[in-house]
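Remarks on the overall topology
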Amino acid sequence: MDAKKLEEIVGRGNRDGAQLFRDWFNSLTETANQGGQAAYVFVMGSLNEILKVFDLPVVFPEINSLQTAVRRVAHEFLGEAEDYGYSPDICGYVKADVAVQLRGGEHPMGKIPRPSIAVHTNACNTYVKWGEIWGRMHKIPVVVIDVPGTRVAGGQTFPGNTDFENDRRYVEVQLRELIKLCEQVTGKKFDIDKLRVTLAYANDISVGWKKVLDLNKNRPSPFSALTDGTIYLGVANGFRGTEEGSKYFKQLVEEMEYKVAHGIGTLTNERYRLLFVGVPCYPIFRRFNELFTDKEGTFINSTYLWFASGGANRGFEYDLERPIESLAEGTLISVRDAMDSMFYQDLALEAMIADYHVDGIVFHPIKSCRTVSTGLADSRRYLLGRHDIPSLFIESDMMDRRVVSEAQMKNRVDAFFEGLASRRRQAGVN
Ligand code: SF4
């Protein structure tokens, strides 16, 4: 193996991803200091493709909030929002963001600009109420793109189907209204050729994201779906429709292919291949992962990497010949897929089980996010009845360290691995 190439390629996605994040927050800080415009958006259907045509910097409050947890200061932000009147029961992302707004944009990674417009889909019901908070606080237009969901479990319709065509037109009308509103907010004229450029970059990201996820079917798996995957996911969302994002994903595919070709795994001793279900435990992010890697377990895929990428896992590519129509089509297919990956996690998991050589499934329902956590116990029971794959069910939170008990978790995780090891012994496998 060429040592120089190895050093240059392996780990590049993590290094470059961290740098892109720093650059992104630095530019948001600059925008905030200069009083520039920004758009607040969400990961499930950000419509970055349109916002980039108007050069609007995008702010993902979900990402800002999780960063407060990873940096171990979320409790300060949650406490501030609760003192202000928000219930301990609601989504922790909302409360951390409310505190950021109350602090005038102050955030551990920089300064977050005020929004000039907020755009969200109906993928999560919390989005709708969250957008209303910004509408009240900042007196800005808040746009809800209503994406019709899948009517039947696992039964999404596709181009050529009458229902699909009706739904696509319904989304398209809303996108055209959003474009008009962006013209009013920014004072800039819509440029369809610029949209083609952002769509082409977004295509590179979707295609790259799907390839990267697929490459983790290999043994050993080249990346951890929990830790590395969260960095890649952040870039897929924050840099959607941009040249930097396109370049990053081309290079990431190259890195993963290189690792697969040379048998370089994320762990040197991969023994148990696991699926993760739900939202990560950000208050003890590194330690949570170590509970599994210490036992030679690694996460090879997760429903999180599907729904929190807004359905980019489908690898949908826009048709640049008919940009707005195709954007409506892609939004419908991808956001629906994201919703299905949350509401029918059992079906998403069955698709993963078929392809990824899975030894175990870890369910992580959390207090904050009912959208993702509701029904996980039923999903688990359904899967237990259909597949001979052990699973672990551990509850905590993605933001609130008050409900994260590392010692309790460790006991459960250790017992889970004892079970996995015993199955191997009984099967005569090392
Ligand atoms: S409830 Fe869940 S899906 Fe909705 S915004 Fe909060 S974390 Fe995201």
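Above this text sits the structure in question.
Residues numbered from 1 in each chain as written. Predicted model: local features only at pLDDT ≥ 70, side-chain atom pairs only at ≥ 80, totals over all residues. Heavy atoms only, no water.

**Some thoughts on the nonpolar core**
Of all hydrophobic cores here, the largest spans 138 residues; its most connected members are Ile 50, Tyr 93, Phe 292 and Ile 361. Here this core gets nine residues from one element, more than from any other, and that element is helix H14 (residues 323-343). When residues no more than four places from it in sequence are discounted, the contact partners of Ile 50 are Leu 175, Leu 178, Ile 179, Cys 182, Leu 195 and Leu 327. (Core = buried A, V, L, I, M, F, W, Y, C linked by side-chain atoms within 4.5 Å. Buried < 20%, exposed > 50% of the residue type's maximum accessible area, 1.4 Å probe, protein only. Helix = DSSP H or I, 4+ residues; strand = E, 2+ residues; numbered from the N terminus. Contact = heavy atoms within 4.5 Å.)

**Considering H14**
One full turn of an α-helix is made of 3.6 residues, so residues set three or four places apart face in the same direction. For H14, built from 21 residues, the straight-helix expectation of 30 Å at 1.5 Å per residue is met to within 8% by its first-to-last C-alpha distance of 29 Å. Within H14, 19 of the 21 residues are buried, which leaves it mostly tucked inside the rest of the structure. (Expected span 1.5 Å × (residues − 1).)

**Things to note about the sheet that holds strand S7 (residues 272-278)**
Across the sheet, which stays open at both edges, the four strands sit in the order S8-S7-S9-S10 with parallel pairing between neighbours. Two strands close off the open sheet at either side, each with one partner strand: strand S8 (297-302) and strand S10 (391-393). Across the sheet, the mean angle from the axis of one strand to that of its neighbour is 30°, orientation sign disregarded. By the bridge criterion, three bridges tie strand S9 (residues 360-364) to S10 in an arrangement that is parallel. Bridged to Phe 363 within S10 is Phe 393. Contacting S7, S8, S9 and S10, helix H12 (residues 285-293) runs over the sheet at an angle of about 115° to S8. Running at roughly 140° to S7, helix H18 (residues 406-427) makes contact with S7, S8, S9 and S10 of the sheet. (Pairing = 2+ DSSP bridges. Axes fitted to C-alpha atoms, helices over the stretch in contact; angles between N-to-C directions.)

**Brief notes about the layout of surface pockets**
Computed from the structure, the second largest pocket encloses a volume of approximately 290 Å³. In terms of lining, the second largest pocket is formed by 15 residues, of which the most central are Trp 24, Ser 27, Lys 52, Phe 239 and Glu 244. Ranked by the residues each element gives to the lining of the second largest pocket, the list is headed by helix H2 (residues 12-34), at six residues. Here the lining of the second largest pocket is built from residues that sort into seven nonpolar, four polar and four charged. (1 Å grid on protein atoms, 1.4 Å probe; cavity = no way out; pocket = protein on both sides within 12 Å on 5 of 7 lines; lining within 4 Å. Points joined across faces, edges and corners; volume = space filled by probe spheres on them. Nonpolar A, V, L, I, M, F, W, Y, C, P; charged D, E, K, R; others polar.)

**Here's the deal with the side chain of Ser 206**
With respect to the helices, strands and loops of the structure, Ser 206 is situated in helix H9 (residues 192-215). Among the residues examined, Ser 206 registers a relative accessible area of 1% and is labelled buried. There is a polar contact of 3.5 Å between the side chain of Ser 206 and the side chain of Arg 240. (Polar contact = N/O pair within 3.5 Å; in protein donor to acceptor, adjacent residues only side chain to side chain.)

**Topic: the side chain of Asp 340**
Along the chain, Asp 340 turns up in helix H14. The charged side chain of Asp 340 is buried without a salt bridge, its nearest counter-charge being Arg 314 at 6.6 Å. Not counting residues up to four positions away in its chain, the partners in contact with Asp 340 are Thr 150, Gln 156 and Gln 345. (Lys, Arg positive; Asp, Glu negative; His and termini not counted. Salt bridge = Lys/Arg side-chain N within 4 Å of Asp/Glu carboxyl O.)

**Quick notes on the sheet that holds strand S5 (residues 117-121)**
If you trace the four strands from one edge of the open sheet to the other, you get S2-S1-S5-S6, paired in parallel fashion. Only two strands of the sheet have a single neighbouring strand rather than two, namely strand S2 (58-59) and strand S6 (142-145). Where strand S1 (residues 39-40) and S5 come together, two bridges link them in parallel fashion. Among the inter-strand pairings, Ala 39 is bridged to a residue of S5, identified as Ile 117.

**Some words on the pattern of salt bridges**
Counted according to the given criterion, the structure contains 39 salt bridges. With its nearest N and O atoms 2.9 Å apart, the salt bridge here joins Glu 82 to Lys 95. Taken together, the residues span a long stretch of sequence, with Glu 82 in helix H5 (residues 74-84) and Lys 95 in helix H6 (residues 92-102) at a distance of 13 residues. By the burial criterion, Glu 82 is buried, and Lys 95 matches it.

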